[in-house]
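# A structural walkthrough
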Amino acid sequence: MKSISIDPQTCTNCGTCMEICPLSLIIPGSEGMPFMPDEVGAYCTKCGNCEAFCPEGAITPQFKTTHPIISEDDVHAITPGQMGVYMRQRRSIRNYKDRMADRETIEEILDIVRYSPSAMNNQPVHWLIIHDPDEVRKLTRLSIEWMRKIHDSEQMHPLKPVVPSLIEAYEAGKDPICRGAPHVAIAHAAEANPMAFTDSIIALSWFELVAPAFDLGTCWAGFLKMAASEHEPLIKELDLPEGHVVQYAMMFGYPKYKVQNIPGREPARISWK
Ligand SMILES: Cc1cc2nc3c(=O)[nH]c(=O)nc-3n(C[C@H](O)[C@H](O)[C@H](O)COP(=O)(O)O)c2cc1C
Ligand code: SF4
Ligand code: SF4
């Protein structure tokens, strides 16, 4: 079955789609017009590049997708300078206001994030949004429970040197795992998919970059991710679909403090040939 249709009335035979298709599924047909043979339709990754680059709007996908609604004002709205400041200003946020992000805002962010690249356009990432702050605190408690096990065990574990201070902070009333964030975004996907981890990291990186445009701040939840991969009660609590694992997690909420300055970083290490 064909995965796209090409309107011969509007197609000007510019050849762009034939050049752009990453799998060369669109080939010259009669009189050199673009054509997708029936038998290759199944290989289409639904990347939508042919549709995106066709200057005449002659290509219509036949597969099910959800398109975004984009206002004219939003097109080309970012200059390189603005982009540089926006991205460099992002910081890991570890202090949050006592304010909830509403579900609509989170859905708006994820509606942008679903455009993050994935291997073969597989789009394997699913989201579990821990929206209830009490549930976030429960995840912290279960992570600390896991750390206590590591602490008490004779076995070597890479986190062994750091768990005592984290447990101590927790016992002092702090949240060293989710930093008191009201929400956590968990990217989960099939354990069997070898590219899912990379795709999830990319998706979460997008989440992290999109969030400040909605006044939200984020922080990668590395300890939570480790606990959610090893501690059975925490895995049970998350109740992911069969075969899915936590690929990574990110806490988020409204930042308590505003970023005032951009700190320094190592210069870009570049070599040229
Ligand atoms: C994979 C990964 C895991 C992280 N895990 C944690 C974490 O568990 N807790 C935390 O406070 N910060 C965590 N961070 C945040 C880093 O410490 C932070 O990105 C780094 O110090 C640079 O600061 P910046 O994000 O403000 O530029 C993590 C970052 C990454 C990329
Ligand atoms: S959607 Fe992507 S893979 Fe499918 S035909 Fe178009 S360019 Fe090729
Ligand atoms: S990109 Fe559009 S106009 Fe150009 S050949 Fe393909 S379908 Fe025709």
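Within any chain, residue numbers begin from 1 and follow the written order of that chain's sequence. Chains carry letters from A onward and ligands carry numbers from 1 onward, assigned in written order. Reporting in this predicted model follows two pLDDT cut-offs: at least 70 for local features of residues, and 80 or more for side-chain atom pairs to be given and counted; totals over whole chains, interfaces and linings ignore these cut-offs and use all residues. Based on all heavy atoms of the structure, the side-chain values leave hydrogens and waters out of the count.

Per an unreviewed UniProt entry, the recorded name for the protein is Nitroreductase family protein, and the organism is Methanolobus zinderi. UniProt positions are given in the numbering used here, feature names are shortened, and annotations may be inferred rather than shown by experiment. Reading the Cofactor (unreviewed entry) entry of the UniProt record for the protein gives the comment "FMN". The UniProt entry for the protein carries this comment under Sequence similarities (unreviewed entry): "Belongs to the nitroreductase family."

### Regarding the site of ligand 3
We define proximity as follows: a residue is near a molecule or strand when any one of its heavy atoms falls within 4 Å of that partner. Around ligand 3, a shell composed of 14 residues is seen, among which Cys11, Cys14, Gly15, Cys17 and Cys54 lie nearest. Under this grouping Gly is polar, as are all residues other than the nonpolar Ala, Val, Leu, Ile, Met, Phe, Trp, Tyr, Cys and Pro and the charged Asp, Glu, Lys and Arg. Considering only residue class, the shell around ligand 3 consists of nine nonpolar, four polar and one charged.

### A short note on unusual backbone geometry
Backbone geometry at Asn13 places phi at a positive 60°, although glycine is not the residue there. The helix and strand labels rest on DSSP assignments: H or I over at least four residues marks a helix, E over at least two residues marks a strand, and numbering proceeds from the N terminus. With respect to the element layout, Asn13 can be found in the loop between β1 (4-6) and α1 (16-20). The buried label goes to any residue with under 20% of its type's maximum accessible area, the exposed label to any with over 50%, and the partly exposed label to all in between, with areas taken from a 1.4 Å probe on protein chains only. On the basis of relative accessible area, Asn13 is assigned to the partly exposed category, the value being 30%. Residues other than glycine seldom take positive phi values, yet Glu31 does so here, at roughly 55°. Within the element layout of this structure, Glu31 appears in the loop between β2 (27-28) and β3 (34-35). Residue classification places Glu31 among the exposed residues on the basis of a relative accessible area of 77%.

### A closer look at the packing of helix α4 (residues 103-113) against helix α7 (residues 196-210)
In this analysis, axes come from line fits to C-alpha atoms, helices being fitted only over the stretch in contact, and the angle between any two N-to-C directions falls in the range 0 to 180 degrees. Their axes nearest at 9 Å, the elements α4 and α7 cross at an angle of 130°. Regarding the angle of α4 to α7, the classification is oblique. The interaxial crossing formed by α4 with α7 has right-handed handedness. For the pair α4 and α7, contact is made by Ile109, Leu110, Ile112 and Val113 and by Ala203, Trp206, Phe207 and Val210, respectively. Class assignment for the residues of the contact of α4 with α7 results in eight nonpolar, no polar and no charged. For classification purposes, an angle smaller than 35 degrees is called roughly parallel, one larger than 145 roughly antiparallel, one from 65 to 115 roughly perpendicular, and anything else oblique. Helix crossings are classified by the rotation of the near helix relative to the far one: an anticlockwise turn of less than a right angle makes the crossing left-handed, while a clockwise turn makes it right-handed. Pairs of residues are marked as contacts when any of their non-hydrogen atoms sit within 4.5 Å.

### So, helix α6 (residues 163-171)
An α-helical turn contains 3.6 residues, so any two residues separated by three or four positions project in the same direction. Among the residues making up α6, those that are buried are Val163, Leu166, Ile167 and Ala169. When α6 is viewed along its axis, its buried side chains cluster within an angular range of 160° and face the same direction. Those residues of α6 that are exposed and aimed more than 90 degrees away from the buried face are Glu168 and Glu171. Where α6 is buried, its residues contact α5 (133-152) and α8 (222-230). With its phi angle positive at about 95°, Gly173 sits one or two positions after the end of α6. Relevant arc is that of directions from the helix axis to the C-beta atoms, nothing else.

### Here we look at the pattern of salt bridges
Oppositely charged side chains are able to pair whenever their charged atoms sit close together. Definition used for salt bridges: Asp or Glu carboxyl oxygen within 4 Å of a side-chain nitrogen of Lys or Arg. Throughout the structure, instances matching the rule amount to seven salt bridges. Residue Arg148 is joined to Glu171 by a salt bridge in which the shortest nitrogen-to-oxygen separation is 2.8 Å. Placement of Arg148 in helix α5 and of Glu171 in helix α6 is noted, with a sequence separation of 23 residues between them. A relative accessible area of 32% places Arg148 in the partly exposed class.

### Considering the domain arrangement of the protein
As used throughout, domain bounds are those supplied by an automatic or database domain assignment. As far as domains go, the protein holds domain 1 (4-61) and domain 2 (80-253). In this structure, domain 1 and domain 2 have C-alpha centres spaced 39 Å apart.

### Focus: the environment of Asp102
Inspection of the secondary structure assignment puts Asp102 in the loop between α3 (80-89) and α4. As a C-alpha pair, Asp102 and Ile186 span 84 residues in sequence and 17 Å in three-dimensional space. Here a polar contact means two N or O atoms within 3.5 Å. Within protein one must be a hydrogen donor candidate and the other an acceptor candidate, and residues neighboring in sequence count only if both atoms are side-chain atoms. Within the structure, the side chain of Asp102 is placed 2.6 Å from the side chain of Thr105, a separation counted as a polar contact.

### A short note on the side chain of Gln247
For Gln247, the position within the fold is in strand β8 (residues 244-253). For Gln247, a relative accessible area of 6% corresponds to the buried category. Here the side chain of Gln247 touches Ala189 through a polar contact of 3.4 Å, landing on its backbone oxygen. The residues touching Gln247, leaving out its near neighbours within four places in the chain, are Ala187, His188, Ala189, Ala190, Ala196, Phe197, Ser200 and Lys225.

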